[in-house]
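Chain by chain, the residues:
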Amino acid sequence: MSRVSVALFGGGRGGASIARALLRTPGTSLSLLVNGYDNGLSTGALRRWLPGMLGPSDFRKNLLLHLDPGDPRHTLLERRLPSGTTPAALDELTDAVAATGLAGAARELRVVAERLAARPGGLDLADCALGNLVFAGAYLRLGEDFNAAVRACARTFGSPVRLLNVTGGENAYLVALKQDGRVLADEADIVAPQDAGTITGLFLLREPLTAADRAALAGRPAGRVRELLARRSADVTPNPEALRALAEADLVVYGPGTPHSSLLPSYLTPGLAEAVSESRAAARVFVVNVGGDHDVQGLTATDLVDRTLAYLGDPGNERATITHVLSGRGAAGPAVPACVLDRGSWAGARWISADLEDPARPGAHRGPRTAEALLAVLGETPLARAG
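Remember, it's a predicted structure, so these values are computed and weren't measured experimentally.

What counts and what doesn't
- Residues numbered from 1 in each chain as written.
- Predicted model: local features only at pLDDT ≥ 70, side-chain atom pairs only at ≥ 80, totals over all residues.
- Heavy atoms only, no water.
- Salt bridge = Lys/Arg side-chain N within 4 Å of Asp/Glu carboxyl O.
- Helix = DSSP H or I, 4+ residues; strand = E, 2+ residues; numbered from the N terminus.
- Buried < 20%, exposed > 50% of the residue type's maximum accessible area, 1.4 Å probe, protein only.
- Pairing = 2+ DSSP bridges.
- Contact = heavy atoms within 4.5 Å.
- Axes fitted to C-alpha atoms, helices over the stretch in contact; angles between N-to-C directions.
- Core = buried A, V, L, I, M, F, W, Y, C linked by side-chain atoms within 4.5 Å.

This part is about the pattern of salt bridges. Taken as a whole, this structure holds 18 salt bridges when the rule is applied. E241 is the salt-bridge partner of R151, the closest N and O atoms lying 3.1 Å from each other. One end of the pair, R151, is in helix 8 (residues 146–156); the other, E241, is in helix 12 (residues 240–248), and 90 residues separate them in sequence. Owing to a relative accessible area of 33%, R151 belongs among the partly exposed residues under this scheme. Residue E241 is classed as partly exposed on the basis of its relative accessible area, which comes to 23%. Each of R13, R60 and E78 takes part in salt bridges that share partners, so that together they form one network.

Next comes the structure, spelled out in structure tokens:
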């Protein structure tokens, strides 16, 4: 097969094994399209400290794809700061980072240390990922331009991936609505354990919901809550580089990943749906998770395909937004209706079932096998024709 360009929508770790396998496949170039709405724990603290900044965690995780665990760049990205870390201690740690030859990372950490020293007490460094602070330093140094920070960090860590934020970098806060009208007020709530009620809507807000906002929404009918949240929508624009990556892709891959935090919110970005439909991509493949997520309770694999199509503005799949669906056999992920497997199609897309789960890591994809299946779909090999 000639050189293949792949654009993969993903999150932090859900598609990591597949992305690694694609990177190791000769003749394959990879663009990763990620959103920055994460706000859990230390990432949320970092976003509150820098109120205009998106969450860097998923971008940091994707910088690990080409690095072995023993690589000092891997160690730096994943290192968590202990409780009681002071700006002075961060300064000392920065000197140690510089001594390992990671001058670019040390430069960004110095920017953060200087900001902390100038404004003491603004950020508790406990449990902060050092890699996230590198992103924060790049963000500050580059005029609070999040996408420029992503590019700078990709260079600093030598990433072979075209790592792209789906939006123009505008700050926004992810909120979900459940069928009973209850609100999951942020990304951390969306991925956390929750009741069995299904999520029926996602919103990107200009400002995070306060405790008073939550109280005002509590108990209202779901339709009314939807209206109120829609009024607070953030104005986001597409990242031109993400649109270009989709236009140039031979293969577009949706997932895997946590649907209501990593994947579906990305599809809310204006212009992405049109970019997919106008892309030269010969195959656009939805990859069904092989493991379970808290946010998909009550939803089948076909429900998630339908939601992806709806969020991308093609509910009938008339624009061939999804040409194939790739699902595992006997996995613990969203259930696949037997009738779909029997006829080998859904919503006009060919449904392919294969052995994709990693036996050493239940709930995770076996990267090389899944990458092989994806490229087989593109090449229309016997695997792609096997329903």
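Reading across from one edge, 3-2-1-7-8-9-11-10 is the order of the eight strands in this open sheet, with mixed pairing throughout. The open sheet is flanked by strand 3 (162–165) and strand 10 (345–346), the only strands paired with a single partner. Taken strand by strand, helix 1 (residues 16–23) contacts strand 1 (4–9) and strand 2 (28–34), and its axis lies near 150° from that of strand 2.

This part takes up the sheet that holds strand 5 (residues 183–184). Ordered by their spatial adjacency, three strands build an open sheet running 5-4-6, and the pairing between neighbours is antiparallel. The open sheet terminates on both sides in strands that have one partner only, identified here as strand 5 and strand 6 (199–205). In this sheet, strand 5 lies alongside strand 4 (residues 173–178) in antiparallel orientation, the contact comprising two bridges. Bridging from a neighbouring strand, A176 pairs with L184 of strand 5.

Judged by nonpolar contacts, the single largest core of 110 residues is most densely connected at F9 and L133. In terms of residues, this core owes the most to one element, helix 7 (residues 130–141), which gives eight residues. Those residues in contact with L133 that lie beyond four places of it in its chain are L46, L81, L90, E108, L109, V112, L123, L125 and C128. With 11 residues, the next largest nonpolar core counts V183, L209, L217 and V225 among its residues.

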